[in-house]
2 protein chains.
Amino acid sequence: MARPKKENRKDDILEAGLEVFADKGYYNTTTALIAEKAGISQPYVFKFFKTKEELFVAALDRAYERILQAFEIEAEPEDLVNDMIKIYEELTESNPNEIALQLIGLSVTEDAIRNSTRLGLASIRNHTLEKFQSAEIPNAEEQVSTFLARGILCNISHFINMPELIDGGGR
Amino acid sequence: MARPKKENRKDDILEAGLEVFADKGYYNTTTALIAEKAGISQPYVFKFFKTKEELFVAALDRAYERILQAFEIEAEPEDLVNDMIKIYEELTESNPNEIALQLIGLSVTEDAIRNSTRLGLASIRNHTLEKFQSAEIPNAEEQVSTFLARGILCNISHFINMPELIDGGGR
DNA sequence: TTAATTAGTGATTGATTAATCACTAATTAA
DNA sequence: TTAATTAGTGATTAATCAATCACTAATTAA
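Residues numbered from 1 in each chain as written. Chains lettered and ligands numbered in written order. Predicted model: local features only at pLDDT ≥ 70, side-chain atom pairs only at ≥ 80, totals over all residues. Heavy atoms only, no water.

## Digging into the packing of helix H6 (residues 111–134) of chain A against helix H7 (residues 140–159) of chain A
Relative orientation and spacing of two packed helices are given, respectively, by the angle between their axes and the distance between those axes.
All names here are of chain A.
Inference 1: The geometry of H6 relative to H7 is characterised by a closest axis approach of 9 Å and an angle of 135° between their N-to-C directions. Taken together, H6 and H7 sit at an angle that is classed as oblique. Of the two possible hands of crossing, H6 and H7 adopt the one that is right-handed. Facing H6, whose interface residues are Ile 124, Arg 125, Thr 128, Leu 129, Phe 132 and Gln 133, H7 presents Ala 140, Glu 141, Gln 143, Val 144, Phe 147 and Leu 148.
Inference 2: Class assignment of the residues belonging to the contact of H6 with H7 gives a composition of seven nonpolar, three polar and two charged. (Axes fitted to C-alpha atoms, helices over the stretch in contact; angles between N-to-C directions. Helix = DSSP H or I, 4+ residues; strand = E, 2+ residues; numbered from the N terminus. Parallel < 35°, antiparallel > 145°, perpendicular 65-115°, else oblique. Left-handed = near helix turned anticlockwise from the far one by under 90°. Contact = heavy atoms within 4.5 Å. Nonpolar A, V, L, I, M, F, W, Y, C, P; charged D, E, K, R; others polar.)

Next up, the structure:
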């Protein structure tokens, strides 16, 4: 009963995992749900990922990669910070799953996942810091910290549906 | 075999729950672990809390209460923001469990827990906003947003042990 | 054409754990 | 002193789910 329709099975599963994990969190996501979304049987997941944890790490890494990719831009020094904020806002709309997964990864205590989170955050921080420094932004490190803080509050605000956390409670 | 030593059983359990949840997260915490820490048997937990979820909500509410309490201060308008930042830093050292639980609550998808998180965050935001407004801080709403953002990044930085997120990567 | 490989599945298992049940011992009240 | 209540436990259960196993059908290579 092999249906040779799709050839990117591993990628299908990764993408399905990204979606389901982002929606339900790590622990409430079953491998059966991911399989269903990917259009395969539950055991077949394990042909590509040894464990659920490994699959989550792969999805989390992909999410961080996509966030990093979005920041690969050229901008005039004077526009840099504003451009990056704009990019992040757009990303929040266009790739909500990647953003949600980032947040979910933060409070998963499993070691491998914690490490992926650390690596992902560190790479975003480093990338941003380099950009800020190249643009000769004064007090770059503090500015990066503020940038990250606002970004994460933005994620939270979307994820738990509390817009007043960032829009000042207006309208 | 009733041992009438302790009379604050419910409180013991709540406190034990706060600790274990903060350490292991919601899903990796078993009611057996909490019972062990509280010095009682696992089934006895359910005499005080109908479900594990109800217990978590109680612990989360307590955590938010304590955070709010800490902000109940009098300060000269010109010192307000700095005082509040200092208080928050101290709280992070003195009550790490409350801070951790706040973060953990953010990515638990269960409805009742999500609602407690929203209530807790809203009350912190409102309290802070009132203080800032009373002190006639210009742009109070934006300042509150920044204050919250920095606070949460601070929590994350402690929780996942990545000091460079807030201290600028120095030392 | 047939052997080997690849793609895939249904059924099962073993571990975990929230929650319940059926109790017992101690304490308090009458 | 005894009846009722309170405090507590050990054993069990029912559900969930990651992971494995034992397969089958299709595809490719010889």
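## Notes on the interface of chain B and chain A
Inference 1: Of the residues lining the interface, 37 residues belong to chain B; the matching set on chain A comes to 37 residues.
Inference 2: The largest share of the area that chain B buries against chain A comes from Ser 107, Arg 150 and Ile 160 of chain B, three residues that together contribute 16% of it.
Inference 3: One can count zero salt bridges joining chain B with chain A.
Inference 4: Joining chain B to chain A, the criterion identifies 15 residue pairs in polar contact (both at pLDDT 80 or more).
Inference 5: Broken down by secondary-structure element, the contributors of at least two residues to the side of chain B that touches chain A are helix H1 (9–24), helix H6 (96–106), helix H7 (111–134), helix H8 (140–159) and helix H9 (164–167) of chain B. (Buried area = accessible area lost by both parts, 1.4 Å probe. Salt bridge = Lys/Arg side-chain N within 4 Å of Asp/Glu carboxyl O. Polar contact = N/O pair within 3.5 Å; in protein donor to acceptor, adjacent residues only side chain to side chain.)

## Regarding the relation of the copies chain B and chain A
Inference 1: Between the two copies, chain B and chain A, the superposition gives an RMSD of 0.0 Å; the rotation angle is 180° and the shift along the axis is 0.0 Å. Overall, the copies show the geometry of a two-fold rotation axis. Minimal C-alpha separation from the rotation axis in chain B is found for Ala 149 of chain B, amounting to 2.5 Å. (Least-squares fit on C-alpha atoms with pLDDT ≥ 70 in both.)

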